[in-house]
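Chains, contacts and geometry: an overview
Chain by chain, the residues run as shown.
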Amino acid sequence: MSEFHLYMAQRLSALVMAPFVIVHIGVMIYAIQGGLSAAEILGRTQGSAFWFAFYGLFVVAVSIHATIGLRTILGEWAGLRGGARDAVSAVIGLGLLALGAQAVWAVTA
Amino acid sequence: MPERDHLTVTVQRGGPGAPMRPQTFEVPAYDNQTVLDVVSWIQQNADPTLTYRFACRVGMCGSCAMMVNGVPRWTCRTHVSKVLDGNAIEVGPLRNLPVIKDLAADMDPFFDKWVSAEGMHHPTRTRDDAIEPIDPVTMERQEANAGIECINCSVCYSACDTVAGNPDYLGPAALQRAWTLYNDAKDANKDAILDAVSGKGGCHSCHSMGSCTTYCPNELDPLSAILGLKRATAKRFFGGRK
């Protein structure tokens, strides 16, 4: 994947994330009015195809976006080059995806 | 401003094989004095082995840029009174470039990147054709005009923190050159330009920090040129044409 394609993937994933972030924060502020328990959250999310799709796509977009950004930081700040930089970035990206996917599955399955 | 007889000038000396070290000189102060005047006084009166570079002395050739008190400047058009820190100035070679000796930086990487950014003319006609008339009021021509007064002094390249962190990055001057050619009606290969600035170290590496535009002594705006290239490459990606 060329630098340009990574650039486009990062911008497009940001575009996808923007409404997700707004809804995520908006719902959190709305939902905690009058207290909130884990049981109440799970009651809304478990078995919900909407929240599965919402947070599933969110996690994919975050994994792409953050990995490309961290790859740049690893190059410019940590001095990693070439294959080492790509390998470390890929491990971080797959880790983010695995952790996120596990969380989405845990609250929506 | 208090009257002063002398300035305390610290000059970075050294080069390959000799680590940089500061050397301090007392230089006579005058009412009208540029940083280049000060460096020349040292070379002519105190230490003839001091190496530095200049040519035109009037801000046209782009040879005399140096770091002055940690900031890249064209020294021939920088008055001492404007940059004096107390009674002292520190002068060093341009940042982000190898040092040849003392204040002379090796400009090769800077100019090599102009070529890498496809900063070269791709003619639309041959010498046998009539000269193409250019409409000066088109948006494209005005975009090109905004960048063509670059004197290749490398001040923007030295000011750029992205160049400091990413040695592959083509830098503001080369990318601005590419943008002027991209907007030039007489350039026949816009795709080659966009390809060149889309690769490793191309315009997409820019973090839009804007030091290039802040420090350009000719008050050009390389940052906007780089943003223009990003827009043009994204437009091409989605199938749009100029």
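Residues numbered from 1 in each chain as written. Chains lettered and ligands numbered in written order. Predicted model: local features only at pLDDT ≥ 70, side-chain atom pairs only at ≥ 80, totals over all residues.

Some details on the overall build of chain B
Check the secondary structure of chain B and you find 10 helices and seven strands. With respect to the principal axes defined by its C-alpha atoms, chain B has extents near 65 × 35 × 35 Å. A fraction of 64% describes how many contacts in chain B between residues 6 or more apart in sequence connect residues 24 or more apart. (Helix = DSSP H or I, 4+ residues; strand = E, 2+ residues; numbered from the N terminus. Contact = placed C-beta atoms within 7 Å.)

Remarks on the overall build of chain A
Scanning chain A from N- to C-terminus turns up four helices and zero strands. Going from N to C terminus, chain A has its helices and strands arranged as α-α-α-α. In summary, chain A has a C-alpha radius of gyration of 17 Å against a globular reference of 13 Å for 109 residues, an excess of more than 25%. Overall, chain A is about 50 × 25 × 20 Å in size when its C-alpha atoms are taken along their principal axes. Scored against the burial criterion, the 109 residues of chain A give a buried share of 17%. (Rg over C-alpha atoms; globule rule 2.2 N^0.38 Å. Buried ≥ 20, exposed ≤ 12 C-beta atoms within 10 Å, placed from the backbone.)

A closer look at the pairing of strand 1 (residues 6-15) of chain B
Residues and elements named next belong to chain B. Pairing between strand 1 and strand 2 (residues 18-28): nine bridges, direction antiparallel. Across the sheet, Leu7 pairs through a bridge with Val27, a residue of strand 2. Here strand 1 folds back onto strand 2 in antiparallel fashion, the turn holding two residues, of which Gly17 has a positive phi close to 85 degrees. Across four bridges, strand 1 lies against strand 5 (residues 88-92) in parallel orientation. By the bridge assignment, Val11 is partnered in strand 5 with Val91. (Pairing = 2+ DSSP bridges.)

Digging into the domain arrangement of chain B
Residues and elements named next belong to chain B. Considered domain by domain, chain B is made up of domain 1 (6-105) and domain 2 (108-237). When each unit is reduced to the centre of its C-alpha atoms, the spacing between domain 1 and domain 2 is 29 Å. Each partner contributes to the interface: domain 1 provides 15 residues, whereas domain 2 provides 15 residues. Sorting the residues of the side of domain 1 that touches domain 2 by element identifies strand 3 (65-68) and strand 4 (71-74) as the ones contributing at least two each. (Domains from an automatic or database assignment.)

Here we look at the environment of B:Arg21
Residue and element names in this part refer to chain B. Inspection of the secondary structure assignment puts Arg21 in strand 2. Judged by C-beta crowding, with 9 C-beta atoms within 10 Å, Arg21 ranks as exposed. Excluding anything up to four places from it in sequence, Arg21 contacts Arg13 and Gly14.

Some details on the environment of A:Thr72
All names here are of chain A. Looking at the secondary structure, you find Thr72 in helix 3 (residues 49-76). On the basis of neighbour count, Thr72 is assigned to the buried category, with 21 C-beta atoms found within 10 Å. As a C-alpha pair, Thr72 and Arg85 span 13 residues in sequence and 8.8 Å in three-dimensional space.

Observations concerning the interface of chain A and chain B
Chain A puts eight residues into the contact, and the matching count from chain B is 11 residues. Of all the elements in the fold, those that place two or more residues in the side of chain A that touches chain B are helix 1 (3-31) and helix 3 of chain A. With four residues, the single largest contributor to the side of chain A that touches chain B is helix 1 of chain A. Looking at the side of chain A that touches chain B, its residues break down into four nonpolar, two polar and two charged. (Nonpolar A, V, L, I, M, F, W, Y, C, P; charged D, E, K, R; others polar.)

What to know about the sheet that holds strand 1 of chain B
Residue and element names in this part refer to chain B. Here we have five strands laid out as an open sheet, ordered 2-1-5-3-4, and mixed in their pairing. Both outer strands of the open sheet, strand 2 and strand 4, are each paired with one neighbouring strand and no more. Direction aside, the axes of adjacent strands within the sheet are offset by 30 degrees on average. Against the sheet, helix 1 (residues 35-46) makes contact with strand 1, strand 2, strand 3, strand 4 and strand 5, and its axis sits at roughly 95 degrees relative to strand 2, the strand it touches most. (Axes fitted to C-alpha atoms, helices over the stretch in contact; angles between N-to-C directions.)

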